[in-house]
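Coordinate inspection notes
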Amino acid sequence: MKIIMIALMAGVIFGVGLALSGMVDPNKVINFLDVTGHWDPSLMFVLGGGVITTTLAYQFIFAQGKPLFDDDFHLPTLLKIDAKLLLGAVLFGIGWGLIGYCPGPAVASLGFRPGEPLIVVVSMLAGMLLYRTVAKT
Amino acid sequence: MTTALLVVGGLIVGIGVAMGGGCTSGHGICGMSRFSLRSITATMAFLISGIVTVYFVKLFLGASA
């Protein structure tokens, strides 16, 4: 139960950050990727600010040996840079460039923007399910 | 932005994040902050891919959105 409340709190903070920074606006995202045209560098500062914050927080919390609200860290363990990683990233970038949405902002937008985000979230889930199903065979 | 584009784009994003194991939040923020080489590589890959995609979409359709 505590984990759920903490996750909820973390999600709310994340959602507020996404909305406040304008990252829930697909046009702002596409304009960041539009480096040769109407370039809007905002996303770079949002990503940069996030990375700086998390890097510092990680240094502190990793030194403690365990997370605040759990007994163990649950971190990814894969190390190899393989075709799956690269192709997956490239595909993600293509979809991202096409619609200006990625998972976080799309879900966060469900709360206040009708139409688009719902179509995007359902499609993303379908895509993930499709990949997982095919990958098992 | 047509429904068709949203659906196709969403599907591609879904397949891409499942295959690549992350996105701007997962690789971009969480992964890079741990100095994960996988995440730094993935982030550079999708940034370049996104930039190239927008460039060509603009080129062929005359619009970026």
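Rules behind the numbers
Residues numbered from 1 in each chain as written. Chains lettered and ligands numbered in written order. Predicted model: local features only at pLDDT ≥ 70, side-chain atom pairs only at ≥ 80, totals over all residues. Heavy atoms only, no water. Disulfide = S-S within 2.5 Å. Buried < 20%, exposed > 50% of the residue type's maximum accessible area, 1.4 Å probe, protein only. Helix = DSSP H or I, 4+ residues; strand = E, 2+ residues; numbered from the N terminus. Contact = heavy atoms within 4.5 Å. Expected span 1.5 Å × (residues − 1). Axes fitted to C-alpha atoms, helices over the stretch in contact; angles between N-to-C directions. Parallel < 35°, antiparallel > 145°, perpendicular 65-115°, else oblique. Left-handed = near helix turned anticlockwise from the far one by under 90°. Nonpolar A, V, L, I, M, F, W, Y, C, P; charged D, E, K, R; others polar. Phe/Tyr/Trp six-rings, centres within 6.5 Å; stacked < 30°, edge-to-face > 60°.

**A word on the state of the cysteines**
Two cysteines form a disulfide when their sulfur atoms are joined by a covalent bond. One pass over the structure, following the stated rule, counts zero disulfides over all chains. Between Cys102 of chain A, a cysteine without a disulfide, and Cys23 of chain B, which holds the nearest cysteine sulfur, the sulfur-to-sulfur distance is 5.5 Å. Given a relative accessible area of 11%, Cys23 of chain B falls into the buried group.

**Things to note about helix H2 (residues 24-33) of chain B**
Here H2 of chain B lies mainly inside the structure; seven of its 10 residues are buried. Listed as buried for H2 of chain B are Thr24, Ser25, His27, Gly28, Gly31, Met32 and Ser33 of chain B. Contact partners of the buried residues in H2 of chain B: helix H1 (2-20), helix H3 (42-64) and helix H4 (83-99) of chain A together with helix H1 (3-20) and helix H3 (37-61) of chain B. With its phi angle positive at about 60°, Phe35 of chain B sits one or two positions after the end of H2 of chain B.

**Considering H3 of chain B**
Helical periodicity: at 3.6 residues per turn, an α-helix aligns residues three or four positions apart in one direction. Taking 1.5 Å as the rise per residue, H3 of chain B with 25 residues should run 36 Å; its terminal C-alpha atoms sit 36 Å apart, in good agreement. Of the residues making up H3 of chain B, those classed as buried are Arg38, Ser39, Thr41, Ala42, Thr43, Ala45, Phe46, Leu47, Ser49, Gly50, Thr53 and Val54 of chain B. Here the buried face of H3 of chain B lies against helix H2 (26-33) and H4 of chain A together with H1 and H2 of chain B. Two residues or fewer past H3 of chain B, Gly62 of chain B is found with a positive phi of approximately 70°.

**Examining the packing of H4 of chain A against H3 of chain B**
It is the contact of H4 of chain A with H3 of chain B, at a shortest axis distance of 7 Å, that shows an interaxial angle of 40°. When the axis of H4 of chain A is compared with that of H3 of chain B, the two are oblique. Seen from above, H4 of chain A lies across H3 of chain B with right-handed handedness. The residues of H3 of chain B that touch H4 of chain A, namely those facing Leu85, Leu86, Ala89, Val90, Phe92, Gly93, Ile94, Trp96, Gly97 and Leu98 of chain A, are Arg38, Thr41, Ala42, Ala45, Phe46, Leu47, Ser49, Gly50, Thr53, Val54 and Val57 of chain B. Considered class by class, the residues forming the contact of H4 of chain A with H3 of chain B number 14 nonpolar, six polar and one charged.

**Things to note about the environment of Gly22 of chain B**
Residues and elements named next belong to chain B. Relative to the helices and strands, Gly22 is located in the loop between H1 and H2. Exposure remark for Gly22: the relative accessible area of 14% places this residue in the buried category. Gly22 sits 19 residues away from Thr3 along the chain, and the two C-alpha atoms are 25 Å apart. Leave out the neighbours within four places in its chain, and Gly22 touches Val17 and His27.

**Here's the deal with the packing of aromatic side chains**
Residues and elements named next belong to chain A. Under the defined criterion, the tally for this structure stands at seven aromatic pairs over all chains. Where Tyr58 meets Phe62, the ring centres are 4.8 Å apart and the plane angle is 20°; that geometry is what we call stacked. On the criterion of helical spacing, the pair formed by Tyr58 and Phe62 is a turn pair, its members being four residues apart in helix H3. Classification of Phe62 by relative accessible area gives partly exposed; the value is 31%. Ring geometry for Phe62 versus Phe73: centroids 5.2 Å apart, planes at 85°, classification edge-to-face. With a gap of 11 residues between them, Phe62 in helix H3 and Phe73 in the loop between H3 and H4 connect regions that are remote in the sequence. By relative accessible area, Phe73 is classed as partly exposed at 28%. Here the aromatic cluster, defined as three or more aromatic residues joined through ring pairs, consists of Tyr58, Phe62 and Phe73.

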